[in-house]
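Here are the chains, one letter per residue:
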Amino acid sequence: MSQTLVTVENLRIAFAGEGGTMIEAVKGVSFEVGREKLGIVGESGSGKSLSSRALMGVLPEHARVSADVMSFAGIDLLSASPRVRRQLRGNRMGMILQDPKFSLNPVMRVGKQIAEAIRLGARSLPSAKVRQKVLEVLEAVHIRAPERVYDLYPHELSGGMGQRVMIAMMVVREPELLIADEPTSALDVTVQVQVLEIMDELVRRRGMGLVFISHDLNLVSRFCDRVLVMYAGRIVETLDARRMHEAVHPYTRGLLACLPAIDGPLTPLPTLARDASWGEARL
Amino acid sequence: MTAINLTHAETRRQLRRARLGEFTKFARRFAGNPLGMIGLAILGVLLASAVFAPLLATHDPYLPDLVHRLSPPSFENWLGTDELGRDIFSRILYGARLTLLIVGLVVATSAPIGLIIGAVAGTSGGWVDAVFMRITDVFLAVPKLLLALAFVAALGPGIVNAALAITLTAWPPYARLARAEALIVRDSDYVNAVRLAGGSEFRIVLRHIMPMCLSSVIVRMTLDMAGIILTAAGLGFIGLGAQPPLPEWGAMISTGRKFIFDQWWVATMPGLAIFIVSLGFNLLGDAMRDLLDPHLRRRA
Amino acid sequence: MIRIENLSVHFGSAVAVHNVSLSVEGGESFGLVGESGSGKSTVLRTVMGLNRQWTGDIHIGDIDLRKARRRDLVRVAQMVFQDPYASLHPRYTIGQAIAEPMLINRMSDVDARTVELLEMIGLTAAHRFRFPHELSGGQRQRVAIARALSLSPEVLLLDEPTSALDVSVQAEILNLLNRLRRELNLTFVIVSHDLAVISYMCDRLMVMQNARAVETLTRAQLRAGDMQHDYTRTLFRASHRDRAGAGASAEAVRHG
Ligand SMILES: Nc1ncnc2c1ncn2[C@@H]1O[C@H](COP(=O)(O)OP(=O)(O)OP(=O)(O)O)[C@@H](O)[C@H]1O
Ligand SMILES: Nc1ncnc2c1ncn2[C@@H]1O[C@H](COP(=O)(O)OP(=O)(O)OP(=O)(O)O)[C@@H](O)[C@H]1O
Ligand SMILES: [Mg+2]
Ligand SMILES: [Mg+2]
């Protein structure tokens, strides 16, 4: 777990606001990813997706990005040419976007798209073999009737099927670093467990690094090794996943308190009284 | 809840500013594409010469000067003179007006026609789609120049008729494109949301589906402009477009053809103008495609 | 309020929903849970009239869906779509998206109401002038909820309304929905894969698997684990096992 794969120091992302001012959406984020499962949780709009997109190099062009260090496997991403970054994205880094269907080609059958991903890795495979492999991986992510799904267009998939197709596409490429932005938010617990198993195996067997963004605190604490908690563009706390209850930051503690439980009371759920100071200092 | 007191005008203004912001972003990305900028510059020069032709021209483009007929490029006549002694430079400047007129007429008619037909066909599906698309197919099946020729032959030569003839052949590809885009968009959730809100199909096509078809049509249109100029010049060349003494570039080449070996400049200069302008439109179109094409963008 | 009888939906030869019946009382909140791909979204979309190929009977209030025109349904039922990225038009600002239904239905004070709705879901008036691609996933989902609320419908169909929200915002939205339901006597149908959310929000729920309804439970039955079907039991157990993780921490935080 120790080798560092990714180092990010003081990452800042800003957008032009009204009247020429800049609005910082990410305000100095630093973290490292080893060959481990790193969870990121946090407020909606706190910059989780932006930070991970910056790492991949797929931010909108008008975003201003700056960082002291941003490196992947010894490669300095800040000075890398667009070509190098594209190659990295093609092979060694993978990302499952928060919106699975957007990253699929809307006018191409999903089976074909997964087949393309497989061919990228193994060019010489005969097409019958590729098809076989696609069906296998669809089955691996627990899609019923993979034969039928092979021939569907992205808009004909259900929400959870879309997510699993994206996971399948990333998994067949076996990248060294996988960033998964809410990859299982539409899956029910049973399927979720089985799909996560596949990612877990890649981490254990191939030593992949996994950045796992999620809102599901239960899931993160069960599945990940470490957890970053983000609030308003900053990381406010880093925790051992299994020791969430030791959280000290009031935001994290507030989050945990908001969690509904199956047999919880029906009174209004506790909500957070957000404190302006949370966004400022780093504990 | 203080912000509720914003006046309507204020809302309008902010909305405009937001849209402007989007446009600035686009402009900035466009500025990062050198070839596209060259195309834009060429287009700018074309526009400027059309608008300021009377100021820039060194001679009257229509006034024959038989003494100086067919004189080579010189200090007096920068690009030489033609068989009637008219200054070619001035004629090309005035010709820019005709070129722009034709391109403008064609684009202003064919793109909306194609867009509307395609978007309506794609959105409604069923027999409407079938009928519209078969009509489109028929137009696509006939060779372009032939159709234009037949049309001009029937209506008689002239600039407006030439533009109409080109329109007739230019709209079907736009309809195809718009339909393909509409097919993707019409079942999307954001269009469904308008349906659930009770929006009429008319409103949906006009306000929600067409804007999504627009970018691919614009891209295609810019790329097509070069072709339109060439077709217009072609019609002029065979005498079915602009009529003499109008300084239309194609017609100019046509008359210069007789002197091509001895007085090369008469045909070459308008030819160069056509070449540069269509190059400009092509560069512009390529840049637009890189920026706007929804399918390319998605894969980025 | 909603009565569905023997609803079946086919896409080509594939069966997406097979013989599903359910009824929801006025003012009730009904949950739909089930396997991914089991047809939950399809049921909601069909109820809203977005699928043409279906068999069976659907009544909303006293509207028979077969005979209804879309206009009749507008003020009665609205839906929040599952995918927050697909449900906002990329060329319209957030404010326009929320205002559009009100403009279509010629309501007055649209601007003020838009701002009010935005603040209700935890965004600010300034967000009106943003485009969807300038918002995070959770912010978009909230905008979609605001849009559905803009026409004050009697029935609200919510397809995974909080799946892109962190638990603190989720708590706020769930509280908001509950408050509205109480105040306006709304009827909810909520799809979620989170049993805790369902148990908190819904009086009754239906479990779906493989295009079929496998069972219908009351909240009390769900909480007591009183269920017949294997799939439901697995779901229930898996959700309970969760509580060994953050759930336990949550307990610790709440009581400690
Ligand atoms: N293109 C953009 N222009 C301006 N602001 C943006 C842009 N993209 C994102 N933002 C803002 O940056 C903030 C962080 O967004 P981000 O998508 O990273 O949030 P997130 O943590 O992933 O939230 P969620 O959990 O809701 O997906 C948000 O407040 C969002 O509104
Ligand atoms: N337009 C369509 N064409 C073909 N098949 C479709 C279409 N829409 C949905 N389906 C199929 O119908 C089935 C049910 O889909 P639905 O979206 O209702 O599932 P769901 O229960 O909402 O799942 P999830 O929890 O993953 O969102 C899926 O197998 C899906 O592939
Ligand atoms: Mg996000
Ligand atoms: Mg669904």
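For the structure, see preceding data.
Counting of residues starts from 1 at the beginning of each chain's written sequence and follows it residue by residue. Chains carry letters from A onward and ligands carry numbers from 1 onward, assigned in written order. Restriction of local features to residues with pLDDT of at least 70 applies here, the model being predicted, together with a cutoff of 80 or more for giving and counting side-chain atom pairs; totals for whole chains, interfaces and linings are based on all residues. As a rule here, side-chain values cover all heavy atoms of the structure and leave hydrogens and water aside.

1. Points about the coordination of the magnesium ion (ligand 4)
Residue and element names in this part refer to chain C. Spelled out, the test is: Distances decide who is a donor: an N, O or S atom must be within 2.8 Å of the metal, or within 3.2 Å for Na, K and Ca. Water is not included, so sites may look incomplete. For helices the rule is a DSSP run of H or I covering at least 4 residues; for strands it is a run of E covering at least 2, with both sets numbered from the N terminus onward. Here's how the labels work: a residue is buried when its accessible area is under 20% of the maximum for its type, exposed when over 50%, partly exposed in between, all with a 1.4 Å probe on protein chains only.
Around the magnesium ion (ligand 4), the protein supplies S41 (OG) and Q82 (OE1) as donor atoms, at distances of 1.9 to 2.1 Å. Taken together, the residues span a long stretch of sequence, with S41 in helix α1 (residues 40-47) and Q82 in the loop between β6 (77-80) and α3 (94-104) at a distance of 41 residues. The pair formed by S41 and Q82 is uniform in burial state, with each residue classed as buried.

2. Re the site of ligand 1
The criterion, for reference: Summary of the distance rule: residues count as near a molecule or strand when at least one heavy atom falls within 4 Å of that molecule or strand. Polar contacts here mean pairs of N or O atoms no more than 3.5 Å apart (in protein, one a potential hydrogen donor and the other a potential acceptor; neighbouring residues in sequence count only if both atoms are side-chain atoms). Residues were grouped as follows: Ala, Val, Leu, Ile, Met, Phe, Trp, Tyr, Cys and Pro as nonpolar; Asp, Glu, Lys and Arg as charged; and all remaining residues, including Gly, as polar.
Contacts to ligand 1 come from 22 residues, most closely from G45, K48 and S49 of chain A together with S136 and G138 of chain C. At the site occupied by ligand 1, the surrounding residues belong to chains A and C. G45 of chain A places a polar main-chain atom, nitrogen or oxygen, 2.7 Å from an oxygen atom of ligand 1. Contact between ligand 1 and S49 of chain A: an oxygen atom at 2.5 Å from a side-chain N or O atom of the residue. Grouping the constituent residues of the shell around ligand 1 by class yields four nonpolar, 13 polar and five charged.

3. Observations concerning the interface of chain C and chain A
It is common to report an interface's size as the accessible area lost on association of the parts. Inclusion rule: Between two residues, a contact is recorded if the distance between any of their heavy atoms is within 4.5 Å. By buried area we mean how much accessible surface two parts lose on assembly, using a 1.4 Å probe and totalling the loss over both. One speaks of a salt bridge when a side-chain nitrogen belonging to Lys or Arg is within 4 Å of a carboxyl oxygen belonging to Asp or Glu.
Every contact between the two is made by 54 residues of chain C and, on the other side, 51 residues of chain A. Between chain C and chain A, roughly 4500 Å² of surface is buried when both sides are summed, and carbon and sulfur atoms account for 56% of that area. Our count for the chain C to chain A interface comes out at two salt bridges. A salt bridge links E35 of chain C to R144 of chain A; the shortest N-O distance between them is 2.9 Å. Connecting chain C to chain A are 20 residue pairs in polar contact (both at pLDDT 80 or more). Among the elements of the structure, α5 (137-149), α6 (167-184), α7 (195-201), α8 (219-224) and α9 (230-255) of chain C are those that each provide at least two residues to the side of chain C that touches chain A. Considering each element in turn, the side of chain C that touches chain A owes the most residues, 18 residues, to α9 of chain C. A class-by-class count of the residues in the side of chain C that touches chain A yields 20 nonpolar, 22 polar and 12 charged.

4. Brief notes about the coordination of the magnesium ion (ligand 3)
Coordination of the magnesium ion (ligand 3) by the protein is provided by S49 of chain A (OG) and Q98 of chain A (OE1), with metal-donor distances spanning 1.9 to 2.2 Å. Placement of S49 of chain A in helix α1 (residues 48-56) and of Q98 of chain A in the loop between β7 (93-96) and α3 (110-121) is noted, with a sequence separation of 49 residues between them.

5. Focus on the packing of helix α4 (residues 88-124) of chain B against helix α5 (residues 126-141) of chain B
Residue and element names in this part refer to chain B. For clarity, the cut-off: Each axis is a line fitted through C-alpha atoms, taken for helices only over the stretch in contact, and angles between the N-to-C directions span 0 to 180 degrees. Two helices cross in a left-handed way if the nearer one is turned anticlockwise from the farther one by less than a right angle. They cross in a right-handed way if the turn is clockwise.
It is at 7 Å that the axes of α4 and α5 come closest, and there the two elements cross at 145°. Note on packing geometry: the crossing formed by α4 with α5 is left-handed. Touching I117, G118, V120, A121, G122 and S124 of α4 are G126, V128, D129, F132 and M133, all from α5.

6. Description of the sheet that holds strand β11 (residues 234-240) of chain A
All names here are of chain A. Short version of the rule: Whether two strands pair depends on DSSP finding at least two bridges between them.
With mixed pairing, six strands are arranged side by side in an open sheet as β7-β8-β9-β3-β10-β11. Whereas interior strands pair on both sides, the edge strands pair on one side only; in this sheet they are β7 and β11. On average, adjacent strands in this sheet sit at an angle of 15° to one another, irrespective of strand direction. Bridging between strand β10 (residues 226-231) and β11 involves six bridges; their strand directions are antiparallel. Paired with L228 across the bridge in β11 is T238. Strands in contact with α1 are β3 (37-42), β7, β8 (177-181), β9 (209-213) and β10; relative to β7, the strand with the most contacts, it is inclined by about 150°. Relative to the sheet, helix α7 (residues 189-206) contacts β3, β8 and β9, its axis offset from that of β9 by approximately 145°.

7. So, the interface of chain B and chain C
Taken together, the contact between chain B and chain C spans 29 residues of the former and 36 residues of the latter. Here chain B meets chain C over a buried area of about 3000 Å², counting both sides, of which 58% is carbon and sulfur. It is D189, Y190 and L196 of chain B in chain B that bury the most area against chain C; as a group they hold 22% of the surface buried on that side. Taken together, the links from chain B to chain C amount to three salt bridges.

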